Amino acid sequence: MEKVLITGASGMLGRYVVRFLENTNYEVIAPSSEAVNLSNLAGIKEYIERAKPSAILHLAAETDVDLCERDPARAGLYNHLATDVIARAAAACGAWVLYVSTSGIFGGDAKPIFNELDFPSPVNYYARSKFWGERAIGKHCPDNSLIVRAGWMIGGGAAHDHKFIGKIIKQIADGAEVLRAVTDKYGTITRAEALANFIVASLKIRRRGLFHYASTGVTTRFEIAKAVANFTNFKGKVEGVPSSLYPLSAPRPTFDGIESIYLGYETDAVQPNSWEDDVRAYMKEFNI
């Protein structure tokens, strides 16, 4: 039975991946964040050497963008150096490795959407650290790895979604009469459940290379909030506001939407839906 090591198994994406691997022919190794602590490089190396997995799904990261901006050393340690150690250890034991990166590595150029041939141009330390993580995977596992860049991730459902859609739905449930969302930042979403399906399918065939995986169509959080309001029959007002109303430590790109020019050639892969359809599909996890 193949051993599959999953970092970040308790995170939003990891929970879907673990669920999809239940009752399969894989032995899933899902260490806690304490057992595989991204700040303990020696411990990561030792854990992988002991486990001897045939595949590693590296989903763990420091995803707090503003914390990364305030503490770039932490960003570098958790997202770059830890990934470098994982890539080296994977190469040493012959494991295929999958690394989930972010659309945030783009944004320095004023264009609305980016494909796999566009050069990264990250505008904050979180995105830069993830890009250096990509470089580490490519350096140490060039022929036995898959890098997947995701857009604005949605997932978790009622129990675990503490991000944008979860907050919007909570405001509606709490009786809010006005929902406010930013109108001047443009991107693409990735439904975590759909990405998890792609990851598991890629594991089975040991897909290699670099792919963008996101819903089709560039959108804003304002448009997403309007869609959620529509799907939940919200009777109040959805108000667009500028991002300057919410000052943050880390700069955000104006545009970081992604599309794939390669995914269409992968006939075994479930192709992404439109962002509206993916938001509607995600609403089912809230029993709405």
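Please read all numbers here as calculations on a predicted model, not as lab measurements.

### Re the packing of aromatic side chains
Going through the model one piece at a time under the given rule, you end up with six aromatic pairs. Each ring, one from F198 and one from Y213, has its centre 4.8 Å from the other, and the planes form 25 degrees; the classification is stacked. Taken together, the residues F198 in helix α8 (residues 192-205) and Y213 in strand β10 (residues 209-213) connect sequence positions 15 residues apart. Judged by relative accessible area, which is 3%, Y213 ranks as buried. Through successive ring pairs, a cluster of aromatic residues spans F198, F211 and Y213. A cation over a ring is seen here: R128 above Y125, with NZ or CZ 5.0 Å from the ring centre. The side chain of R221 reaches across the aromatic face of W152, ending 3.9 Å from its centre.

### Details of the environment of E259
When you line up the elements, E259 lands in the loop between β12 (257-258) and α10 (275-283). For E259, a relative accessible area of 36% translates into the label partly exposed. Sequence separation between E259 and A214 is 45 residues, and the spatial gap between their C-alpha atoms is 6.6 Å. Those residues within four positions of E259 in sequence are excluded, and the remaining contacts are I113, F114, N115, E116 and H212.

### Re the nonpolar core
Formed by 52 residues in total, the largest nonpolar core has its most connected members in L13, V17 and L57. No other element matches the eight residues that α8 contributes to this core. One finds A60, V85, A89 and A90 within the second-largest nonpolar core, a separate group that totals 23 residues.

### Looking at unusual backbone geometry
Positive phi values are uncommon outside glycine, yet K52 reaches one of about 50 degrees. Along the chain, K52 falls in the loop between α2 (41-51) and β3 (55-58). In this model, N233 sits at a positive phi of 55 degrees, which is unusual for a non-glycine residue. The topology assignment puts N233 in the loop between α9 (221-231) and β11 (237-241).

### As for the side chain of T83
Relative to the helices and strands, T83 is located in helix α4 (residues 72-93). Its relative accessible area of 0% is what places T83 among the buried residues. Within the structure, T83 has its side chain in polar contact with the side chain of H58 (distance 3.1 Å). T83 has contacts with H58, Y78, Y99, G133, A136 and I137, leaving out every residue within four places of it along the chain.

Cut-offs and rules
- Residues numbered from 1 in each chain as written.
- Predicted model: local features only at pLDDT ≥ 70, side-chain atom pairs only at ≥ 80, totals over all residues.
- Heavy atoms only, no water.
- Phe/Tyr/Trp six-rings, centres within 6.5 Å; stacked < 30°, edge-to-face > 60°.
- Helix = DSSP H or I, 4+ residues; strand = E, 2+ residues; numbered from the N terminus.
- Buried < 20%, exposed > 50% of the residue type's maximum accessible area, 1.4 Å probe, protein only.
- Lys NZ or Arg CZ within 6 Å of the ring centre and 35° of its normal.
- Contact = heavy atoms within 4.5 Å.
- Core = buried A, V, L, I, M, F, W, Y, C linked by side-chain atoms within 4.5 Å.
- Polar contact = N/O pair within 3.5 Å; in protein donor to acceptor, adjacent residues only side chain to side chain.

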